[in-house]
Amino acid sequence: MLTLAELKERPEIESHPGKSLYSHLTNTAEKGRGLFKKHTPPGLFKNEKIIEYTLSLHDVAKSGTPFQRKLQGEKVEAFHALESALCLLDVNDLPFEERLIAFEAVRRHHTRLRNMETLFMDIREAVSDRGKALHDELDDYFFFEGEDKLSFWLKLRYLYSLLVAADRLEASDAPDDIRRPQISFMDEYDSSASPIDEWRSGVFERTMDNYRKRKLLGKNGGVYSLTLPTGSGKTRISFNIAEDFISAGRKLIYVLPFITLVEQTGDVLVRNFGEEHVQIDHSSAFSGDGEDVDDAYASCREFYRYWDKDCIVTTMSHFWNVLFGSGTKDAINFHQLAGSLIIVDEPQLLQYKYWQGFGKMMDILAKRLNATVIMTTATQPKIGAPIELAGKEKVPYVRHSYKYVEGAYKISEITELIKANFDPDKSGMIVLNTKLSAGEAYAEVKRFYQERNDARPCFFLSSWVTPRDKRFVIKEIKRLRQMNLPYCLVATQVVEAGADLDFDWVIRDIAPLDAVIQCAGRCNRSFLREKGKIIICRFISEKGRPFSEMVYDPRQLDVTIRLLKEFPDFEENLLDEILDRYFACLLNGTRQSDFFARISAGEWDEVTVSGAGGLPKNIPFMSSYPLYNESEGDGTLIIEYDEEVTCLLEKMARLSNELRYALSKDFYEKRGQLRRTMKKLAGFSVKVSEVHLRTYIDMGHVEDLGHGLFLLPKTSLSGAGSEIYDEGGFRSCKAA
């Protein structure tokens, strides 16, 4: 193995085909220094030379003969990561702990981080011939527990992320800095829309004044909350705070619960800050054709979901992976949390058993990584101890009232509820708890209005509606509202948070109280109508099972129902009191998730649980602590609407075939083209499990393309399978 000085004189020794190893190591170190300077965690490491050593030596073992022969096409084993990592154990001017951290970061920079116990065993095996002194030092060191292991994990995760990012950027030939136009913030707020706007403007001024007095930008991180009623302008306030941070060279990471909200918020951020500054990041996001000036960065966005722009808009699901996932693609952005502004929208949608641990993690980001965290919602749960930025703001008008109707109702009875409680000529929204029950309700409501000779548009939204159709529905509802024409929407929970929609009345299937209130925020949202009304009731399947029990935690439902029985009929001005009692009852005696205890025990890749017969077994950390209770399914159904989709399908098939025979250089280029094609197709797709498709596949209406992909072809859309997907979204062949 050669030293850096020796490698400088040997340009023929390569790290990648056509690239000298010396250039790769020095360029990676240069990129890493730049990233560290921009996202510096003050005092995280005792000796910041750990950054330089780790980056400069991470691939040094590639200088060995086996790896060089491998580059020439020989089929030989060349384990360069472990050999390079061992060099870090010999850097004596680093503290022993930081040598171990550097070892593990380099050892795993092509795979994933492993548990502390695995790290310990790997090091012991790797240094078996190095003498008793080192073994004794290792034995003494690995006896530490609790906060020490948590600190070790944080340092390791940060260094690992920094190394992975710098290494991938250098390998992609990304330039050190992208010079984008100076950010120019444009506040889109229109103050002439409704009578509530004077109050809304006052909320904005008072909250921004509180923010400025607290001087968040000049402080060393902190955790804050922004708790304001629905429709009061939380998003506008968040954007204005973000503008301060971005203008000061800090990154914005905007975290939202659903893909639909990521796209909606991302579009507004693009209009406010400019497309060149905003990166919309979710599992189906498309970042362009890779033909712009930052070609290499576009490639990193495609392959690694790397965050290279000023404003990142992402899902809570991906943020959770960035925080806790052990793989390179999960951790690559972790270092960027340091010094950033992290806005977490609707944090109450996390499972309540995670609230305590999530609050602890936000506190660590603030104290150790100098991040500024703002959790914003109308229904702020007890997550940590954030400092509130808003005053005790209350809507000056009563926009709507709530009524709890006891009993159980079948979907076929939904129209009777409409006639008994509302003026049918008004615009309304009905929110059900499952996609199947919502689909049934949509058919009932359409039939109801047709029988009344009412030609109003009826819309449907769920995760079984493609992104293309979701955008159309939201746009149409807003257009009809502006024209003061009636409409009706049947939906699942996808409309609860952030959707800027407005209705005269709402029917909500029973759900946790915070979800009910979020849904009610779409009722007379801007006080453009007379007082709205929300009916809360329990819908059941034909077999008598409540749909709510299929989706929600029983404790949340129990606490909600007890409170609604106590307050069966109340107005908006009582919400704060009822919500406080809800959160207090919910958390009283509740056992919180132990995922932080696991991390403190050194289990951050796999956790040990009780398996069959009480025997211990290891499962992945992320599988043990899933973010959400419900999975959309692991299949993707593509809807062949038109020629655009047909062309994309043909391109996907062609690229998939070419990949089988592509040479090394062409392989990566074609794989990138295939991924971009797949992301474009995601706009015409829904996530669905095969169990919901099986009958359609057997009947020949749906094609199984393999690898979890299914196709509803144009012939089925216009023929015998036309009801599989229509304006009511996908219809499962499985009964509710």
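Look up a bit, the structure's there.
The paragraphs below set out a description of the structure included in this document. (Residues numbered from 1 in each chain as written. Predicted model: local features only at pLDDT ≥ 70, side-chain atom pairs only at ≥ 80, totals over all residues. Heavy atoms only, no water.)

On a plain count of helices and strands, the protein comes out with 28 helices and 24 strands. The globule rule puts the C-alpha radius of gyration for 736 residues at 27 Å, and the 28 Å found for the protein is close to it. On the principal axes, the C-alpha backbone points of the protein span a range of 85 × 60 × 60 Å. Counting over 736 residues, the protein shows a buried share of 56%. Only carbon and sulfur atoms are counted for the fraction: they give 49% of the accessible area of the protein, which is about 31600 Å². Computing the positive centroid from 98 side-chain charges and the negative centroid from 111, the protein places the two 1 Å apart. (Helix = DSSP H or I, 4+ residues; strand = E, 2+ residues; numbered from the N terminus. Rg over C-alpha atoms; globule rule 2.2 N^0.38 Å. Buried < 20%, exposed > 50% of the residue type's maximum accessible area, 1.4 Å probe, protein only. Areas by Shrake-Rupley, 256 points an atom, 1.4 Å probe, with all protein chains shown as cover. Lys, Arg positive; Asp, Glu negative; His and termini not counted. Charge placed at Lys NZ, Arg CZ, Asp CG, Glu CD.)

Here we take up the sheet that holds strand E11 (residues 428–431). The sheet built from 7 strands is open, its strands ordered E12-E13-E11-E14-E15-E10-E16 with mixed pairing. Only two strands of the sheet have a single partner each, and these edge strands are strand E12 (458–461) and strand E16 (569–571). The sheet shows a mean angle of 20 degrees between the axes of neighbouring strands, taken without regard to direction. Two elements, strand E14 (residues 505–509) and strand E15 (residues 532–540), share 5 bridges in a ladder whose sense is parallel. The residue of E15 that forms the bridge with arginine 508 is isoleucine 536. Relative to E15, helix H17 (residues 414–421) is tilted by about 155 degrees, and along the sheet it contacts strand E10 (400–410), E11, E14 and E15. Sitting on the sheet, helix H19 (residues 467–482) is in contact with E12 and strand E13 (488–491), with an inclination near 140 degrees to E12. (Pairing = 2+ DSSP bridges. Axes fitted to C-alpha atoms, helices over the stretch in contact; angles between N-to-C directions. Contact = heavy atoms within 4.5 Å.)

In terms of burial, E15 is largely enclosed, as 7 of its 9 residues are buried. Direction of pairing for E10 relative to E15: parallel, over a ladder of 8 bridges. The partner of lysine 403 across the bridge, within E15, is isoleucine 535. Traced from E14 through helix H20 (residues 513–520) to E15, the parallel crossover comes out right-handed. (Right-handed = clockwise from strand over helix to strand, strands pointing away.)

Our focus in this paragraph is unusual backbone geometry. Trans is the common state for peptide bonds, and a negative phi is the common state for residues other than glycine. Positive phi, normally seen in glycine, also occurs at lysine 215, with a value near 50 degrees. As for its placement among the helices and strands, lysine 215 is situated in the loop between helix H10 (197–214) and strand E3 (222–227). You can call lysine 215 exposed: its relative accessible area is 60%. Positive phi is not limited to glycine here, since glutamate 346 has a value of about 55 degrees. Along the chain, the position of glutamate 346 falls in the loop between strand E7 (341–345) and helix H16 (355–369).

Every α-helix winds through 3.6 residues per turn, so residues three or four apart in the chain are directed the same way. Taken together, the buried positions of H17 are occupied by Ile414, Thr415, Leu417, Ile418 and Asn421. The buried residues of H17 occupy one face: seen down the axis, they fall within an arc of 155 degrees. Looking at the buried side of H17, the elements it contacts are E10, E11, helix H18 (435–451), E14 and E15. (Arc of directions from axis to C-beta.)

Turning to H19, a few remarks are in order. The end-to-end C-alpha distance of H19 is 23 Å, a good match for the 22 Å that 16 residues give at a rise of 1.5 Å each. Residues Pro467, Asp469, Lys470, Val473, Glu476, Ile477 and Leu480 constitute the buried set of H19. Packing partners of the buried residues in H19 comprise helix H12 (259–273), E12, E13, strand E20 (685–687) and strand E23 (725–726). Note on H19: the residue one or two positions beyond its end, asparagine 484, has a positive phi of about 60 degrees. (Expected span 1.5 Å × (residues − 1).)

With that settled, the discussion passes to the nonpolar core. In terms of nonpolar packing, the biggest core is built from 138 residues, with Phe358 and Leu489 touching the most fellow members. Per-element tally for this core: the top contributor is helix H9 (residues 147–171), with 14 residues. Not counting chain neighbours up to four residues away, the residues in contact with phenylalanine 358 comprise Met316, Phe319, Trp320, Leu323, Val344, Leu350, Met375, Ile383 and Phe595. Among the nonpolar cores identified, the runner-up in size contains 53 residues, and Ile507, Cys537, Phe547 and Phe710 belong to it. (Core = buried A, V, L, I, M, F, W, Y, C linked by side-chain atoms within 4.5 Å.)

This next bit is on the sheet that holds strand E22 (residues 709–712). Strand order in the open sheet formed by 4 strands is E20-E19-E22-E21, and the pairing between neighbours is mixed. Every interior strand has two partners, whereas the edge strands, E20 and strand E21 (703–706), have only one. Neighbouring strand axes in the sheet, compared pairwise and without regard to direction, differ in orientation by 25 degrees on average. The pairing of strand E19 (residues 636–639) with E22 spans 4 bridges and is classified as parallel. Looking at E22, one finds that leucine 637 is bridged to phenylalanine 710. Against the sheet, helix H25 (residues 643–659) engages E19, E21 and E22, with an angle of about 130 degrees to E19.

This next bit is on the packing of aromatic side chains. Aromatic ring pairs are reported here in terms of the distance separating the ring centres and the angle at which the planes meet. Across all of its chains, the model carries 28 aromatic pairs by this definition. The ring of phenylalanine 334 carries the charged tip of arginine 157 above its face, separated from the ring centre by 5.2 Å. A cation sits over an aromatic face here: arginine 468 above tyrosine 641, 3.5 Å from the ring centre. (Phe/Tyr/Trp six-rings, centres within 6.5 Å; stacked < 30°, edge-to-face > 60°. Lys NZ or Arg CZ within 6 Å of the ring centre and 35° of its normal.)

Time to look at the pattern of salt bridges. What the rule picks out here adds up to 42 salt bridges. Between arginine 108 and glutamate 104 there is a salt bridge whose closest N-O contact spans 3.1 Å. Relative accessible area serves as the criterion here: at 5%, arginine 108 is assigned to the buried category. One salt-bridge network, held together by shared partners, links Asp425, Arg452, Asp454 and Arg456. (Salt bridge = Lys/Arg side-chain N within 4 Å of Asp/Glu carboxyl O.)

It is worth spelling out the side chain of arginine 108 at this point. You can see arginine 108 is positioned in the loop between helix H6 (96–107) and helix H7 (116–126). In this view, arginine 108 contacts Leu113, Arg114, Thr118, Asp122, Tyr160 and Thr328; residues no more than four positions away in its chain are not counted.

Our focus in this paragraph is the packing of helix H14 (residues 316–324) against H16. The geometry of H14 relative to H16 is characterised by a closest axis approach of 12 Å and an angle of 65 degrees between their N-to-C directions. Every pair of crossing elements has a handedness; the one defined by H14 and H16 is left-handed. Contacts between H14 and H16 involve Met316, Phe319, Trp320, Leu323 and Phe324 from the first element and Phe358, Met361, Met362 and Leu365 from the second. Taken together, the residues of the contact of H14 with H16 break down into 9 nonpolar, no polar and no charged. (Left-handed = near helix turned anticlockwise from the far one by under 90°. Nonpolar A, V, L, I, M, F, W, Y, C, P; charged D, E, K, R; others polar.)

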